[in-house]
Amino acid sequence: MRDVAAEAGVSAMTVSNALTGRRPVSEPTRRLVMETVERLGYQVNVAARSLRQGRTGVVGVAVPTLDSHYYSQLSHRLVVAFSQAGLATVVEETHASREGELAAFRDSRLNAYDGLVIAALGLSEREINALSREVPVVVLGEQELHQTVDHVSMPNVAGAEAATRLLLDRGCRRLALVGFPTLEDVEKVRLPEGAAFSLRTEGFLRAARAGGADVTSSHHGVTQAAGVLCAQDLLGRPERPDGIFCVTDTLAFGVVRGLADGGVRVPDDVLVVGFDDVEDARFHVPSLSSVAPDHDGLVAESVRLLQRRIQDPAATPTDVTVSFELVERESTTPPARPARRTRGARPAR
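Bear in mind that the values here come from a model prediction, so they are computed numbers and not experimental data.

Caption draft 1: A look at the side chain of Glu92. By secondary structure assignment, the location of Glu92 is in strand β2 (residues 88-93). For the buried Glu92, which has no salt bridge, the nearest side chain bearing the opposite charge is Arg106, at an N-O separation of 7.1 Å. If we ignore the near neighbours within four places in the chain, the residues touching Glu92 are Val61, Ala62, Val63, Ala104, Asp107 and Tyr113.

Rendered as structure tokens:
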């Protein structure tokens, strides 16, 4: 590092800041340092740095599955963001199980990760609180953690309400929810996928009942194939829905396919809206209207909070809910009309 500093005509601290991003340096200086690093072939001695700092420069990301549109894209975004912050990332699947989530904490501790971002679905608040004493952690999801750990969540209720109001505004009066087994006693039903679906169901019901719509639901799982089965189920009922809200985009893709197989066109015969606004929503035929949480904000807050927790283990826990937009595309509007974005709530802290 001293050789790089001497060659570039800057201080060793400036070289360190340019490489780690701990403190800002001007873009010309950063470029000069990086060009010098490349020319001299300098490489960071990770083992020496870990011994000196008591850190490995590695963080963990634990998600229920990588075989889904949402979690695969979320994991990718987190890997990129942590890399830009000078941290390497190890991604693990927990299979939405308590055992898998416990293993993620165990692996983080045994491998001396600097911290962990986890989408926890199976662990209780008490367990998360106890495990967070062993490794810095940021929890993603809808657990009620009561300010015990840093927590980043989505606007599930508000987003689902906005999506349902869109269907009502387009004239739909027979609404179906895809992705939740019953519409009664929503708070008592807990799916393996966690509380997010319950909250989205709550938002759907709140808007649908306020709009005086008839409501029904169908649930066969969380995959695209499950969405196809839900569409077939709904088409077999005496009163077919004219508007469908799906708790994920993945289910919505399957629903559109199932409707097409049954000779029902979207949006001509029925409108469909999803939730998550994964990248494929723009390219689907028809393109899918969807609730778009602030993905960039969710990732940025996760990285910010974990870095803060690593630097200051005693920092006061922070709870952040990101904002959202409702993106209207072809599945709720004729193709000739352009996509429309409706902004949701600002981030809450």
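Caption draft 2: A look at the packing of aromatic side chains. The final tally for this structure, using the stated rule, is two aromatic pairs. A centroid spacing of 5.0 Å and a plane angle of 65° characterise the contact between Tyr70 and Tyr71, whose relative ring orientation is edge-to-face. Overall, the relative accessible area of 18% leaves Tyr71 in the buried class. Both rings, one in Phe204 and one in Phe245, keep their centres 6.1 Å apart while their planes meet at 15°; by these two values the pair is stacked. Taken as a pair, Phe204 in helix α9 (residues 195-210) and Phe245 in strand β8 (residues 243-246) lie far apart in primary sequence, 41 residues in all. Overall, the relative accessible area of 0% leaves Phe204 in the buried class. Its guanidinium or amino end placed over the ring of Phe275, Arg200 lies 3.8 Å from that ring's centre, counting from NZ or CZ.

Caption draft 3: Representation of the environment of Asp150. Among the secondary structure elements, Asp150 is positioned in strand β5 (residues 150-153). Taking the C-alpha atoms as reference points, Asp150 and Thr316, 166 residues apart in sequence, are found 8.3 Å from one another. When residues no more than four places from it in sequence are discounted, the contact partners of Asp150 are Val137, Val138, Val139, Leu305, Arg308, Arg309, Thr316, Pro317 and Thr318. Only 2.9 Å separates the side chain of Asp150 from the side chain of Arg308, close enough to count as a polar contact.

Caption draft 4: View of unusual backbone geometry. Residue Pro267 follows Val266 across a cis peptide bond; omega there is 10°. That bond from Val285 to Pro286 is cis: its omega, -5°, falls within 30 degrees of zero. With respect to the element layout, Pro286 can be found in the loop between β9 (271-275) and β10 (289-293). Located in the positive-phi region is Ala112, a residue other than glycine, with phi close to 60°. By relative accessible area, Ala112 is classed as partly exposed at 38%. Despite not being glycine, Asp276 shows a phi value in the positive range, around 125°. Structurally, the position occupied by Asp276 is in the loop between β9 and β10.

Caption draft 5: Representation of the pattern of salt bridges. This structure, assessed with the given rule, holds 21 salt bridges. Across the pair Glu27 and Arg31 runs a salt bridge, and its minimum N-O distance is 3.5 Å. Separated by four residues within a single helix, Glu27 and Arg31 lie in helix α3 (residues 27-40), roughly one turn from each other. Exposure remark for Glu27: the relative accessible area of 40% places this residue in the partly exposed category. Judged by relative accessible area, Arg31 falls into the partly exposed class, the value being 41%. Note that Asp269 is salt-bridged to Arg265, the shortest N-O span being 3.4 Å. Assessed through its relative accessible area of 38%, Asp269 is described here as partly exposed. One salt-bridge network, held together by shared partners, links Glu161, Arg165, Glu202 and Arg206.

About the criteria used
The residue numbering used here restarts from 1 in each chain and proceeds along that chain's sequence as written. Since the coordinates come from a predicted model, pLDDT governs what is reported: local features require at least 70, and pairs of side-chain atoms require 80 or more to be given and counted, while whole-chain, interface and lining totals use all residues. Side-chain calculation: all heavy atoms of the structure are included, whereas hydrogens and water are not. Where helices and strands are cited, they refer to DSSP runs of H or I of at least four residues and of E of at least two residues respectively, numbered from the N terminus. Burial classification: accessible surface area is computed with a 1.4 Å probe over protein chains only, and a residue below 20% of its type maximum counts as buried, one above 50% as exposed, and the rest as partly exposed. Here Asp and Glu are counted as negative and Lys and Arg as positive; His is not counted, and neither are the chain ends. Any carboxyl oxygen of Asp or Glu that lies within 4 Å of a side-chain nitrogen of Lys or Arg is treated as forming a salt bridge with it. Between two residues, a contact is recorded if the distance between any of their heavy atoms is within 4.5 Å. The aromatic pairing rule takes the rings of Phe, Tyr and Trp, using the six-membered ring of Trp, and pairs them if the centres are within 6.5 Å, calling planes under 30 degrees apart stacked, those over 60 edge-to-face and the rest tilted. Should the NZ of a Lys or the CZ of an Arg lie within 6 Å of a ring centre and within 35 degrees of the ring normal, that charge is described as sitting over the ring. Two N or O atoms count as a polar contact when they lie within 3.5 Å, although within protein this holds only if one can serve as hydrogen donor and the other as acceptor, and sequence-adjacent residues are included solely when both atoms are side-chain atoms.

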